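Below are the chains, spelled out letter by letter.
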Amino acid sequence: MNGAETRYSEANRVLAEREQAIVTVASYTGKGDLENLKQAFVQALDAGMTVNEINEVVIHAYAYCGFPRSLRAIQTLMQVVEERKADGITDVIGRGASIITDNRSRYERGCDVLAEISGVPADAPKAGYAIFAPTIERFLKEHLFADLFERDLLTYRERELTTVSVLAGVGGVEPMFGSHAAICMHLGVTPEQLSAMLNIVEMNLGKTYSEPLRKVLNQLTEKK
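Definitions and limits used
- Every chain is numbered on its own, with residues counted from 1 as its sequence reads.
- Local features in this predicted model are restricted to residues whose pLDDT is 70 or higher, and side-chain atom pairs enter the listing and the counts only when it is 80 or higher, whereas totals over whole chains, interfaces and linings include all residues.
- Hydrogens and water molecules were not included; the side-chain quantities draw on all heavy atoms of the structure.
- The helix count covers DSSP runs of H or I at least four residues long, the strand count covers runs of E at least two residues long, and both are numbered beginning at the N terminus.
- The globule rule used for comparison is 2.2 Å times the number of residues to the exponent 0.38, while the radius of gyration itself is calculated over C-alpha atoms.
- Note on contacts: a residue pair is in contact if any heavy atoms of the two residues lie within 4.5 Å.
- What sets the accessible areas is the Shrake-Rupley method with a 1.4 Å probe; for residues, cover comes only from the shown protein chains.
- The positive count covers Lys and Arg only, the negative count covers Asp and Glu only, and His and the chain ends enter neither.
- Taken as the charge centre is NZ of Lys, CZ of Arg, CG of Asp or CD of Glu, depending on the residue.
- Angular values range over 0 to 180 degrees, each being the angle between N-to-C directions of two axes fitted as lines to C-alpha atoms, with helices fitted over their stretch in contact.
- For this classification, under 35 degrees means roughly parallel, over 145 means roughly antiparallel, 65 to 115 means roughly perpendicular, and everything else is oblique.
- In this scheme the handedness of a crossing depends on how the near helix is turned from the far one: anticlockwise by less than a right angle means left-handed, clockwise means right-handed.
- Polar here means any residue outside two lists: the nonpolar Ala, Val, Leu, Ile, Met, Phe, Trp, Tyr, Cys and Pro, and the charged Asp, Glu, Lys and Arg; Gly therefore counts as polar.
- Patch members must show over 30% relative accessible area and no salt bridge, and they are joined within 9 Å when carrying like charges or within 5 Å when they are nonpolar side chains of Val, Leu, Ile, Met, Phe, Trp or Tyr.
- By salt bridge we mean one thing: a side-chain nitrogen of Lys or Arg within 4 Å of a carboxyl oxygen of Asp or Glu.
- Ring pairs are drawn from Phe, Tyr and Trp, using the six-membered ring of Trp, whenever the two centres fall within 6.5 Å, and their geometry is named by plane angle: stacked under 30 degrees, edge-to-face over 60, tilted for the rest.
- Each residue gets one of three labels from its accessible area relative to the maximum for its type: buried under 20%, exposed over 50%, partly exposed in between, using a 1.4 Å probe on protein chains only.
- For this analysis, a nonpolar core means a set of buried residues of the types Ala, Val, Leu, Ile, Met, Phe, Trp, Tyr and Cys, connected via side-chain atoms within 4.5 Å.

**Overview of the overall build of the protein**
- Of the regular secondary structure elements, the protein holds 12 helices and zero strands.
- In sequence order, the protein lays out its α and β elements as α-α-α-α-α-α-α-α-α-α-α-α.
- The C-alpha atoms of the protein give 17 Å as radius of gyration, which agrees with the globular expectation for 224 residues (17 Å, within 12%).
- Restricting the contact set of the protein to residue pairs at least 6 apart, pairs at least 24 apart contribute 70%.
- Carbon and sulfur atoms provide 55% of the accessible area of the protein, an area that totals close to 11200 Å².
- The average position of the 24 basic charges and that of the 30 acidic charges among the side chains of the protein differ by 3 Å.

So, in structure tokens, the structure goes:
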């Protein structure tokens, strides 16, 4: 068994098929690799994900790689679904996100979601960027952690797995990857599973994308 096969075998052992599909879709979306993203969408559909669930991965990705790559990915998914339909394959669209019934402000809800997924109390002192640019802190709480994370088509764990995979595809954002890898572990994702995620990134995107993040992951696990 060669190195690539060994890494795939490990990823297949510790990550569910659905999680592998999420990692692949998210990392290709982050990089903007539309050609390989087509097969990643097929992989996700074959893994039993609905069209709306896959769409949700790509919608979530825009918060970390921008509208242009997210929209191009959505257009690519549309193309894949249409081509499969022409071949006689009818994919399950699936349900939409549940209606939010919590009447508190989006900022309050976002604060609570972030506290739940990170383990950091909502009333903890704000980070430097939140003091320097309070507008972005409000946007993060209201839009990212309320508007997006409250959509129940993906679990919190799946959203954070999406996040670290998108960041891997974007590249050059090691500090943010570290923060979200820590959140993944707080949500029950093991270091072994994060390593398997990076195996998939390495197989699909190359070592230049995976190796800097392995160093970050190793530093995180050494602290545990």
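**Considerations on the packing of helix 10 (residues 174-186) against helix 12 (residues 207-223)**
- Two elements in contact, helix 10 and helix 12, have axes whose closest approach is 10 Å; the angle formed by their N-to-C orientations is 50 degrees. The angle between helix 10 and helix 12 falls in the class oblique. By crossing handedness, the relation of helix 10 to helix 12 is classed as right-handed. Residues Glu174, Phe177, Gly178, Ala181, Ala182 and Met185 of helix 10 touch helix 12, and the partners they reach there are Pro212, Leu213, Val216 and Leu220.
- Class assignment for the residues of the contact of helix 10 with helix 12 results in eight nonpolar, one polar and one charged.

**Some details on a nonpolar patch on the surface**
- Residues Tyr129, Ile136 and Phe139 make up a contiguous nonpolar surface patch of about 310 Å² in total accessible area.
- You can see tyrosine 129 is positioned in helix 7 (residues 128-132).

**Observations regarding the packing of aromatic side chains**
- Taken as a whole and assessed by the stated rule, the structure comprises three aromatic pairs.
- Measuring from centroid to centroid gives 5.2 Å for phenylalanine 145 and phenylalanine 149, while their planes differ by 35 degrees, and the two rings are tilted. Across the pair, exposure class does not vary: phenylalanine 145 and phenylalanine 149 are buried alike.
- Each ring, one from phenylalanine 149 and one from tyrosine 156, has its centre 6.0 Å from the other, and the planes form 55 degrees; the classification is tilted.
- Clustering of aromatic rings is evident, with ring pairs tying together Phe145, Phe149 and Tyr156.

**Observations regarding the environment of glycine 119**
- Relative to the assigned elements, glycine 119 resides in the loop between helix 6 (106-118) and helix 7.
- Separated by 78 residues in the primary sequence, glycine 119 and methionine 197 place their C-alpha atoms 22 Å from one another.
- Once residues within four sequence positions are removed from consideration, glycine 119 is found in contact with Leu114 and His186.

**Digging into the side chain of arginine 84**
- Mapped onto the elements, arginine 84 comes out in helix 5 (residues 67-86).
- Under the relative-accessibility criterion, arginine 84 is labelled buried at 12%.
- In this structure arginine 84 touches Val42, Leu45, Asp46, Ile89 and Asp91, once residues within four positions along its chain are discounted.

**With respect to the nonpolar core**
- Of all hydrophobic cores here, the largest spans 56 residues; its most connected members are Val25, Phe41, Phe177, Leu194 and Met197.
- A total of eight residues in this core trace back to one element, the largest contributor, which is helix 4 (residues 51-65).

**Focus: the pattern of salt bridges**
- As enumerated under the stated definition, the model contains 19 salt bridges in all.
- As a salt-bridge pair, glutamate 19 and arginine 157 come within 2.9 Å of each other at their nearest N and O atoms. Of this pair, glutamate 19 sits in helix 2 (residues 17-31) while arginine 157 is found in helix 9 (residues 156-170), placing the two residues 138 residues apart along the sequence.
- For glutamate 19, a relative accessible area of 11% corresponds to the buried category.
- Arginine 157 sits in the partly exposed class, given a relative accessible area of 22%.

**Quick word on the packing of helix 2 against helix 11 (residues 191-205)**
- Relative to each other, helix 2 and helix 11 sit at 50 degrees, their axes nearing to 10 Å. Between helix 2 and helix 11, the angle falls in the class oblique. Helix 2 and helix 11 meet at a crossing whose hand is right-handed. Note on element contacts: helix 11 touches helix 2 through Met197, Ile200, Val201, Asn204 and Leu205, opposite Gln20, Val23, Thr24, Ser27, Tyr28 and Lys31.
- A per-class count over the contact of helix 2 with helix 11 returns six nonpolar, four polar and one charged.

None of this, on its own, says anything about what the molecule does.
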